[in-house]
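Read off the chains here:
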Amino acid sequence: MESVLIRKIEHVEPLQLAVDLLQKMLALEEEGELPENYWEGLIRAEGRELLEDYLSLVPSYSLFHRGLLYSEGMNAGRLLVMRTLLSILPPFSLSHLPVNTDTAKEIFRDTLVYLETLQMSSEKDCPLWQKAVFSAVQLLLQRGFSPYLLRRGGVPLLVAAPPYREQTEACYLKGPHTIVLYSIPEQCPARRIYLVLHETGHLLYQKYLSGRKQQQGYLYLLSRLQPLGLDPLLEGGRQGQEEVFCNLFAMSILLDTQEGELLFGGYYRKIGKLDRLLRRIFSPGVLLKTSH
């Protein structure tokens, strides 16, 4: 069975390679004259080949830092693409399971939409992202959040700073288990550290808290904060309470730091002695105890 994705991700722009792959896979399935189970077999073959490529390339394309993977530049783009595709192709360990064709096509199309929103950027801000990531990890460690808490199924979190722009500054992609730090004009180191911590909040929320009843302590904290004029932090927008959680999580980690004072000094003064409650509620021992 001929592979659609020839092993050339090391030598070409990975984003276009992934877009071409998904478009070709969808076009093949829609031809309607394929031998029985041909498309399903092809998907599995691509998944196995891609997994082999990923495992062989990840050591040279990323830095293992305090329990997570960090990558930047075009290598980060390659790892982002490979992890994104691996999250939608049947992994090698599940190759014996049946593939739901309709579901697979829908996931392929959704992934294609995401990849096509990314644009190449000439911004040279990777060194700024690296400093922000390492600073954020240090703050998390000081607050008791080991990066090993950020693993999923034993797979380390990938923090990728590829040369791509998007409508957002950063995001956490659950499927690939990756925080993506897009190329942005923002030069403020504190703002970049905040973005890393905010997206870490999304990871923690989705891994440990999503679908579970909020703790009484957290709800009490919200009730005390709401009358204090913290509207920009407490308005969740499209993501609702998850976004509020991430705002407060980042704010709690940055408490008593120069970066926190720069970004949230006015808010800290408004909440006064509630800062102790903020720190306690967002400590790992309290925040993550619902996971056990």
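(A) Focus on the pairing of strand β2 (residues 68-72). Summarising burial for β2: four of the five residues are buried, a large majority. Direction of pairing for strand β1 (residues 63-65) relative to β2: antiparallel, over a ladder of three bridges. From the neighbouring strand, histidine 65 faces β2, where its bridge partner is leucine 68. Between β1 and β2, which pair antiparallel in sequence order, lie two residues; one of them, arginine 66, sits at a positive phi of approximately 50 degrees. As judged from the four bridges shared by β2 and strand β4 (residues 158-161), these two strands associate in the parallel manner. Note on β4: the bridge partner recorded for leucine 69 is leucine 158.

(B) Looking closely at the nonpolar core. Counting 58 residues, the largest nonpolar core has Leu248 and Phe282 as the members making the most contacts within it. The element contributing the most residues to this core is helix α6 (residues 189-209), with 10 residues. With near-sequence residues (within four places) excluded, phenylalanine 282 lies in contact with Phe145, Tyr218, Leu221, Phe245, Leu248, Phe249, Ser252 and Leu287. Formed by 41 residues, the second largest nonpolar core is a distinct cluster that contains Leu86, Leu89, Leu118 and Leu173.

(C) Focus on the packing of helix α2 (residues 38-61) against helix α3 (residues 73-86). Two numbers describe how α2 lies on α3: the axes approach to 10 Å, and their chain directions differ by 150 degrees. Classified by the interaxial angle, the pair formed by α2 and α3 is roughly antiparallel. Between α2 and α3 lies a crossing of left-handed hand. Every residue of α3 that contacts α2 at Gly47, Leu50, Leu51, Asp53, Tyr54, Leu57, Val58, Ser60 and Tyr61 is listed here: Asn75, Arg78, Leu79, Met82, Arg83, Leu85 and Leu86. A class-by-class count of the residues in the contact of α2 with α3 yields 10 nonpolar, three polar and three charged.

(D) Broad picture of the packing of helix α5 (residues 126-142) against α6. Relative orientation of the contacting elements α5 and α6 amounts to 55 degrees, with a least axis distance of 8 Å. Considering their axes alone, α5 and α6 lie oblique with respect to each other. Crossing of α5 over α6 shows right-handed handedness. From α5, Leu128, Trp129, Ala132, Val133, Ser135, Ala136, Leu139 and Leu140 reach across to α6, where they touch Arg192, Ile193, Leu195, Val196, Leu197 and Thr200. Classifying every residue of the contact of α5 with α6 gives 11 nonpolar, two polar and one charged.

(E) Structural view of the sheet that holds β1. What the five strands build is an open sheet, ordered β1-β2-β4-β7-β6; its pairing is mixed. Every other strand in the sheet has two partners, leaving β1 and β6 (170-173) as the edge strands with one partner each. On average, each strand axis in the sheet is tilted by 20 degrees relative to the strand beside it, whichever way the strands run. Across the sheet, α5 touches β1, β2, β4 and β7 (178-181), and the angle it forms with β2 is around 165 degrees.

(F) Just the confidence of the model for the protein, in detail. Confidence in the prediction of the protein, expressed as mean pLDDT, is 88, and 91% of residues score 70 or more. Contacts of residues 92-96 to residues separated by more than four positions or lying in other chains number six contacts, the stretch itself having pLDDT below 50.

(G) Quick look at unusual backbone geometry. Even without a glycine there, the phi angle at arginine 66 is positive, about 50 degrees. Turning to its location among the elements, arginine 66 is positioned in the loop between β1 and β2. Its identity as a non-glycine residue notwithstanding, aspartate 256 has a phi of 65 degrees, on the positive side. Among the structural elements, aspartate 256 can be located in the loop between α9 (241-253) and α10 (258-271). With relative accessibility at 64%, the residue aspartate 256 sits in the exposed group.

(H) Expanded view of the packing of aromatic side chains. A full pass over the atoms with the stated rule returns 11 aromatic pairs. Each ring, one from tyrosine 194 and one from phenylalanine 264, has its centre 5.7 Å from the other, and the planes form 65 degrees; the classification is edge-to-face. Here phenylalanine 264 lies in helix α10 and tyrosine 194 lies in helix α6, a separation of 70 residues in the sequence. Neither residue differs from the other here; tyrosine 194 and phenylalanine 264 are each classed as buried. Ring geometry for phenylalanine 264 and tyrosine 267: centres 6.3 Å apart, planes at 35 degrees, overall tilted. Of the two residues, phenylalanine 264 and tyrosine 267 are both situated in helix α10; the distance of three residues between them amounts to about one turn of the helix. Each of the two residues, phenylalanine 264 as well as tyrosine 267, counts as buried.

Definitions and cut-offs
Along every chain, residues carry numbers that run from 1 in the direction the sequence is written. Where local features are concerned, this predicted model is filtered to residues with pLDDT of at least 70; where side-chain atom pairs are given and counted, the filter is 80 or more; whole-chain, interface and lining totals use all residues. Side-chain numbers here rest on the full set of heavy atoms in the structure, without hydrogens or water. Note on exposure labels: buried denotes an accessible area under 20% of the residue type's maximum, exposed denotes more than 50%, and partly exposed covers the range between, all computed with a 1.4 Å probe on protein chains only. In DSSP terms, a helix is any run of H or I states spanning at least four residues, a strand is any run of E spanning at least two, and both are numbered starting from the N terminus. The pairing criterion for strands is at least two bridges between them, as found by DSSP. Nine residue types can take part in a nonpolar core, namely buried Ala, Val, Leu, Ile, Met, Phe, Trp, Tyr and Cys, and a core is a set of them joined through side-chain atoms within 4.5 Å. Contacts are assigned to residue pairs that have any heavy atoms within 4.5 Å of one another. Angles here are taken between N-to-C directions and fall from 0 to 180 degrees, while the axes themselves are lines fitted to C-alpha atoms, restricted in helices to the stretch in contact. Reported orientations rely on four angle classes, namely roughly parallel under 35 degrees, roughly antiparallel over 145, roughly perpendicular from 65 to 115, and oblique for the rest. Definitions for this section: a left-handed crossing has its near helix turned counterclockwise from the far helix by less than a right angle. A right-handed crossing has that turn clockwise. All amino acids are sorted into three groups, where Ala, Val, Leu, Ile, Met, Phe, Trp, Tyr, Cys and Pro are nonpolar, Asp, Glu, Lys and Arg are charged, and the leftover types, Gly among them, are polar. The predictor rates its confidence in each residue with pLDDT, a number between 0 and 100. For this analysis, a ring pair means two rings from Phe, Tyr or Trp (six-membered ring only for Trp) whose centres lie within 6.5 Å, classed as stacked if their planes differ by under 30 degrees, edge-to-face if by over 60, and tilted for the remaining angles.

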